[in-house]
Amino acid sequence: MNGSRIAAVGHYQPAKVLTNEDLAGMVDTSDEWITSRVGIRTRHIAGPDEPVDELAAHAAAKALAAAGLMPSDIDLVLVATSTAVDRSPNMAARVSARLGIPSPAAMDVNVVCAGFTHALATADHAVRAGAATRALVIGADKMSDVADWTDRTTCVLVGDGAGAAVVEACPAGEEPGIGPVLWGSVPEMGNAVRIEGTPSRFAQEGQSVYRWATTQLPPIARKACERAGLAPEDLAGVVLHQANLRIIEPLALKIGAVNAVVARDVVESGNTSAASIPLAFSKLVERGEISTGDPVLLFGFGGNLSYAGQVVRCP
């Protein structure tokens, strides 16, 4: 079984930008209150005519173009999302139809904020097993649809967007570009992050999530590095779920990634759930902050109190 690699990445965000000052006119908050607690300054918000599959398709099309591939080259589509409105057809089928992918296996992965890294591992496993040749792995969420815009503790966090990666088999003799996944969950704490009810609304126990992420996750993330045969100081980049700058910065420090570029896209994009890791990763690649072949830790965590991480090589 050959390993797999990320051939290319892409991302997309809606044009509308919602600033902290805008939010201060909607709820009892301020720029100082938001930035001091979560570090977010802006977020992108999709309009009513921009569904999740449209965001996903834009990001996927960019990844395909960057890889120099046609839609017909893809035989597996995985969309990580927790904000799909309809149960069927799923987001993966809708994205496939938008892009004109002829006959892919098409599946959604709902692991909320850790969805993309779960989906990436699933694509890696499928390629390694010979069940797929090339996969589109997409993280896309429209969190504005599930936000309670009267709750200043949660509405200030969320944004909309999508990120995508093309996964393919490594050429013979090449080292795998996607390392072994380390994944798991804490089901007894699953209610700490929720999207539930009718209509569905996002809610969380912020302090519980903060304590868990900053104390329990560092050794788990270090173990993901060990599985890839790397020490944390060997990492060139770290892309954690973009939930809160006060979680990202201490977590990266506790992991020991002292030489790595740490993604801080949360500042301009907010928490985009499953989109946050591929969105931030794609921006680092686009800006040239990490180079081809660099080892980068991708690590998602959140809803269900699930987590998944792996070290990948930069495309």
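S.K.: Help me understand the overall build of the protein in this model?
M.R.: In terms of helices and strands, the protein carries nine helices and 14 strands. In summary, the protein has a C-alpha radius of gyration of 18 Å against a globular reference of 20 Å for 315 residues, a match within 12%. Overall, the protein is about 60 × 40 × 40 Å in size when its C-alpha atoms are taken along their principal axes. Considering only contacts in the protein between residues 6 or more positions apart, those separated by 24 or more positions represent 76%.

S.K.: Where do I start with the pattern of salt bridges in this structure?
M.R.: Between side chains of opposite charge, pairing is possible as soon as their charged atoms come close. Summed over the entire model, instances satisfying the criterion amount to 14 salt bridges. For R5, the salt bridge identified is with E174, shortest N-O distance 3.2 Å. Of the two residues, R5 sits in strand β1 (residues 4-12) while E174 sits in the loop between β7 (160-169) and β8 (182-185), which places them 169 residues apart along the sequence. With a closest N to O distance of 3.7 Å, D31 and R41 form a salt bridge. You can see D31 sitting in helix α2 (residues 31-37) and its partner R41 sitting in the loop between α2 and β3 (42-44), a full ten residues away along the chain. For D31, a relative accessible area of 25% puts it in the partly exposed group. R41 gets classed as partly exposed once you look at its relative accessible area, which sits at 45%. It is possible to trace a salt-bridge network through shared partners that takes in R5, R134, E168 and E174.

S.K.: Looking at this structure, how should I read the side chain of N244?
M.R.: When you line up the elements, N244 lands in the loop between β11 (237-240) and α7 (245-255). A residue is classified by how much of its surface remains accessible, and N244, at 11% relative accessible area, is buried. Once residues within four sequence positions are removed from consideration, N244 is found in contact with R37, V38 and V266.

S.K.: Mind showing me how you'd approach the packing of helix α6 (residues 206-227) against α7 here?
M.R.: Where α6 meets α7, the axes come as close as 9 Å, and the angle between the chain directions of the two elements is 35°. Note on packing geometry: the crossing formed by α6 with α7 is right-handed. Along the contact surface, α6 presents Y210, A213, T214, L217, P218, A221 and R222, while α7 presents R246, I247, P250, L251, K254 and I255. When the residues that make up the contact of α6 with α7 are grouped by side-chain class, the tally is nine nonpolar, one polar and three charged.

S.K.: Please clarify how the nonpolar core should be interpreted in this entry.
M.R.: Burial of nonpolar side chains together is a common tendency in soluble globular proteins. In terms of nonpolar packing, the biggest core is built from 48 residues, with W212, L217, L235, L240, L297, F299 and F301 touching the most fellow members. Of all elements in the fold, only α2, α6, β11, α7, β13 (295-302) and β14 (306-313) reach the threshold of two or more residues within this core. At eight residues, the largest contribution of residues to this core is made by α6. Counting 32 residues, the second-largest nonpolar core is a separate cluster that includes V239, I277, A280 and C314.

S.K.: What should I look at first to understand the packing of aromatic side chains in this one?
M.R.: Any pair of aromatic rings gets described here by the distance separating the centres and the angle formed by the planes. Applying the stated criterion across every chain yields a total of one aromatic pair. Measuring from ring centre to ring centre gives 6.5 Å for F299 and Y307, while their planes differ by 10°; the resulting arrangement is stacked. Y307 carries the same exposure label as F299, and that label is buried. Stacked on the ring of Y210, the Lys or Arg R246 has its end atom at 5.1 Å from the ring centre.

Calculation notes
- Residues numbered from 1 in each chain as written.
- Predicted model: local features only at pLDDT ≥ 70, side-chain atom pairs only at ≥ 80, totals over all residues.
- Heavy atoms only, no water.
- Helix = DSSP H or I, 4+ residues; strand = E, 2+ residues; numbered from the N terminus.
- Rg over C-alpha atoms; globule rule 2.2 N^0.38 Å.
- Contact = heavy atoms within 4.5 Å.
- Salt bridge = Lys/Arg side-chain N within 4 Å of Asp/Glu carboxyl O.
- Buried < 20%, exposed > 50% of the residue type's maximum accessible area, 1.4 Å probe, protein only.
- Axes fitted to C-alpha atoms, helices over the stretch in contact; angles between N-to-C directions.
- Left-handed = near helix turned anticlockwise from the far one by under 90°.
- Nonpolar A, V, L, I, M, F, W, Y, C, P; charged D, E, K, R; others polar.
- Core = buried A, V, L, I, M, F, W, Y, C linked by side-chain atoms within 4.5 Å.
- Phe/Tyr/Trp six-rings, centres within 6.5 Å; stacked < 30°, edge-to-face > 60°.
- Lys NZ or Arg CZ within 6 Å of the ring centre and 35° of its normal.

Spatial relationships are all this shows, so hold off on functional conclusions.
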